[in-house]
Amino acid sequence: MSTPASATLPHHTGFNLKEWILTTDHKRIGILYLIGSMAAFGVAGIMALLIRMEQAQVGAQLITDPTQYNRWLFFHGAVMILAFLIPGLTGFAANYFLPLMIGAKDVAFPRINAFSVWLFYFAIILALLSLVIPDGPDIMWTGYPPYSVTTMANTSFYVFTIHLLGFSSILGAINFLVTVIYMRAPGMGWNQLNMFVWTTVAAFVLQLVFIPVLAAAVTLLLFDKYLGTHFYDPSAGGDVLLYQNLFWFYSHPAVYVIFLPAVGILFEIIATMSKNRIFNYKIAVYGGIWGIIAIGGIVWVHHLYVAGMPDWLRLGMMVTTLLISVPVGLLVMSLWGTLYKGAITYNVAMMYAAACLYLVLVGGLTGIPLALPSLTLHLSDTSFVHAHFHFIMALFSAFALFGGIYYWFPKMTGRLADSKMAVVSFWCNFIGVNVTFWPLFIIGLEGMPRRYWNYEMFPQFQPYHEVATAGAFLIGIGMLLQFINFIYAAINGPIAEDNPWKSKSLEWTHCPNPPGPGNFPEDVVVDENWTPYNYNTD
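Residues numbered from 1 in each chain as written. Predicted model: local features only at pLDDT ≥ 70, side-chain atom pairs only at ≥ 80, totals over all residues. Heavy atoms only, no water.

(A) How the structure looks around the side chain of R314. Among the secondary structure elements, R314 is positioned in helix α10 (residues 311–323). At 3.2 Å, the side chain of R314 and the backbone oxygen of M309 are in polar contact. In contact with R314, other than residues within four places in its own chain, are Y305, A307, M309 and P373. (Helix = DSSP H or I, 4+ residues; strand = E, 2+ residues; numbered from the N terminus. Polar contact = N/O pair within 3.5 Å; in protein donor to acceptor, adjacent residues only side chain to side chain. Contact = heavy atoms within 4.5 Å.)

Given below as structure tokens:
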């Protein structure tokens, strides 16, 4: 049982730019993260279309300078991961909904929270400037030396963008960990937390532990390029593989920084839409989520199987890489189990959630051969890796985020975004990702290298690239319709009920749509029998 809302707080009225710029309201900060991450997604998506158009046929299509192609790759990869997925999941969703889910009136450090969002926007501006300066970065999102040190391009933009985003993430991690530990509603125990809260806490733990490693790696890169040091220069006693190890020591756990909150959103959607408790809640939390935390930091070497290293290290990392499928499998089984015998509501949020179950299956199964050194020697740096990476992380997490936006749209705006346009855009996106990436799996197995702007030596792969390019444009149409739908629904969408999905979670049961200052009309108190998934007691 819990104490429900009994009155409605005054809402924000009108639009005041100064209030938004200076806001310390966690909900408005969440919206600012959402706007920034969606803008980043739009620009990075245009880069993806340019990449596909260039590869659509053999020979030069749009450009004659491969450096420009490298800049598209840099911007697409770096911005999609660092400015769209991570800020979208841990910036927007955590800011807006985590305090509501635990019954908190605010976050622990509101001013630090506001500072972190503006660090994020400064990073976005810096990244955008890399598109217009004459020597924009061309070093992919990985920034591998020695190329990143010897290139004439501006590596410092890459380094400072990572510094700003990393500092923003660390501040956010400290803020939300303290918020969850100390500001839960009276009576709320750890085993009564929403799955999204658990997954976000775990993601922030990873951020705190691993971001400093990436910051150190790129700082040494900056020193090598501009100050004449030789940390990564083998001719002067440095080690070029040191950077790759430091980079992936952060960047593979970063996959789980994205994956875990995405899974948390799916739990919220699936439990609510199927009106079921979470299947094996404690196993999913302590075995699944914290199992990933325990193992996630010792699997990075599978990104370096083709680099120089002892065979025993490859074998050890093969075991840990395969082992992490166990906690991931526990989470996936819990998602499927939550659906069992549920009274499922098939709205747009649920359609995205169902699509994620398919995407994680394909991404997981295609990751098994990449965990095996003997097969990776054949598949490394082919488009097979490219396609797998998109299925398991980029597409899965983006679909989960879009599903979450549809799920929480009534909470944020008081209106519904479910419409025929939303359904059409979903099918464009779902069909489009399959048309785009399945051909890349096929030609990857046949040896198509990734990141080639011109593949004249492999003309037999042109039909597959043409199909993939058509798929990319179908995704572009779907995303355009989706953003139009979001804007239209926020202005003219149907008015939503207070709790349109009949959820048991506090953000739906205890505060109005949208929540006002202080979040809750009355202090929230829960007892030991309350859970956010208490569906089978009615």
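(B) Geometry of the UniProt feature "domain: Cytochrome oxidase subunit I profile" (unreviewed entry) in the protein chain. Here, the residues flagged by UniProt with the feature "domain: Cytochrome oxidase subunit I profile" (unreviewed entry) are residues 20–535. The annotated region residues 20–535 carries 69% helix and 0% strand content, and the separation between its end C-alpha atoms amounts to 37 Å. (UniProt positions renumbered as here; feature names shortened; annotations may be inferred.)

(C) Structural context of the pattern of salt bridges. In total, this model carries 5 salt bridges according to the counting rule given. Note that D311 is salt-bridged to R314, the shortest N-O span being 2.9 Å. You can see D311 and its partner R314 sitting in helix α10, 3 residues apart, about one turn around the helix. Using a relative accessible area of 56% as the deciding quantity, one classes D311 as exposed. (Salt bridge = Lys/Arg side-chain N within 4 Å of Asp/Glu carboxyl O. Buried < 20%, exposed > 50% of the residue type's maximum accessible area, 1.4 Å probe, protein only.)

(D) Region of the structure containing the environment of Q482. Here Q482 lies in helix α16 (residues 462–492). Take Q482: its relative accessible area is 0%, and that puts it in the buried class. The sequence separation of Q482 and S425 amounts to 57 residues, and the corresponding C-alpha distance is 5.6 Å. Filtering out sequence-adjacent residues up to four positions away, Q482 remains in contact with Y352, F402, Y406, S425 and N429.

(E) Molecular detail of unusual backbone geometry. Going from P145 to P146, the amide bond is cis rather than trans, its omega being 10°. Take P146: it is sitting in the loop between α4 (110–129) and α5 (147–150). A cis geometry characterises the amide bond from N513 onward to P514, with omega recorded as -15°. As for its position among the elements, P514 is in the segment after α17 (506–509). With a phi angle near 60°, M140 is a residue other than glycine that sits in the positive phi range. Within the secondary structure layout, M140 lies in the loop between α4 and α5. Take M140: its relative accessible area is 16%, and that puts it in the buried class. One non-glycine residue with positive phi stands out, namely D381, at about 60°. Among the structural elements, D381 can be located in the loop between α13 (373–379) and α14 (383–413).

(F) Just the packing of aromatic side chains, in detail. By the definition in use, this model includes 47 aromatic pairs. Judged by centre distance (4.0 Å) and plane angle (20°), the ring pair of F97 and W408 falls under stacked. Placement of the pair is F97 in helix α3 (residues 66–101) and W408 in helix α14, with a sequence separation of 311 residues. The exposure classification of F97 matches that of W408, with both residues buried. (Phe/Tyr/Trp six-rings, centres within 6.5 Å; stacked < 30°, edge-to-face > 60°.)

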